[in-house]
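As a plain string of letters, each chain reads:
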Amino acid sequence: MEVLEAIKTRRSIRKYTTDPIDDQTLATVLEAARWAPSWANTQCWRFVVVRDSATKSKLADTLNETNPARDAIRNAPLVIAACAELGKTGHKDGEIVTDKGDWFMFDVALAMQNLVLAAHSLGLGTVYVGRFDAKAAAKILAVPEGYCFVVMTPLGYPAETKDPRPRKELPEIVFYDQWSTE
Ligand SMILES: Cc1cc2nc3c(=O)[nH]c(=O)nc-3n(C[C@H](O)[C@H](O)[C@H](O)COP(=O)(O)O)c2cc1C
């Protein structure tokens, strides 16, 4: 699938078939994440692939009952948890060098967007899950000290089709030469 087509046709998928994902397909998706750019090539991201049903269920319980992705985490054939090593990106010689602090959210997002677009190009569905008890989820996956559980996504074959959600028009979000309030 061509990149622009993948960007435009990807949707958040919250219902999955029970069809399993073979190791080769999973490796292709993870490989896309691996090739993301990162601050000074620090590659702070780490991924935990969860296939175990009991563990997926425990992760699902870290989502609020109102989170529409809760059942997807429980029922999809697998879940990918994206974690970050802290204190690397946005740093030089151990010191923070911008007003943004640690850039792990940015770098992990780049890797995850590669991952979800690659998944979509292979006919797989994903949905970013950011609203959950990340500290509890980190304990479930035994994420060590110095690393942070950032986001997760179910991965599987879609059992639903979704209409696109609206986006702001370009004139609302793009300015030329200088910020404009008009
Ligand atoms: C950082 C981030 C966190 C998100 N967290 C959740 C979440 O916790 N639960 C959920 O159902 N969707 C979550 N979403 C999915 C968004 O609701 C979705 O991307 C947005 O509504 C646009 O829809 P689309 O992905 O189909 O284009 C999240 C998306 C992002 C980028």
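Because the structure is a prediction, the values reported are computed rather than measured. (Residues numbered from 1 in each chain as written. Predicted model: local features only at pLDDT ≥ 70, side-chain atom pairs only at ≥ 80, totals over all residues. Heavy atoms only, no water.)

**Topic: the site of the ligand**
The environment of the ligand is formed by 14 residues, the closest being Arg10, Ser12, Arg14, Asn67 and Arg167. Between the ligand and the protein, one listed contact pairs an oxygen atom with a side-chain N or O atom of Arg14 at 2.8 Å. Contact distances for the ligand include 3.2 Å between a nitrogen atom and a backbone N or O atom of Tyr128. Burial of the ligand by the protein chains amounts to 68% of its free accessible area of 630 Å². Classifying every residue of the shell around the ligand by side-chain character gives five nonpolar, three polar and six charged. (Near = heavy atom within 4 Å. Polar contact = N/O pair within 3.5 Å; in protein donor to acceptor, adjacent residues only side chain to side chain. Areas by Shrake-Rupley, 256 points an atom, 1.4 Å probe, with all protein chains shown as cover. Nonpolar A, V, L, I, M, F, W, Y, C, P; charged D, E, K, R; others polar.)

**Some thoughts on helix H3 (residues 53–60)**
Looking at H3, one finds that the buried residues are Thr55, Lys56, Leu59 and Ala60. For H3, the arc enclosing every buried residue in end-on projection is 145 degrees, short of the 170-degree limit, so these residues lie on one face. In this structure, the buried side of H3 is in contact with strand S1 (45–50), helix H4 (70–75), strand S2 (78–85), helix H6 (134–140) and strand S6 (147–156). (Buried < 20%, exposed > 50% of the residue type's maximum accessible area, 1.4 Å probe, protein only. Helix = DSSP H or I, 4+ residues; strand = E, 2+ residues; numbered from the N terminus. Arc of directions from axis to C-beta. Contact = heavy atoms within 4.5 Å.)

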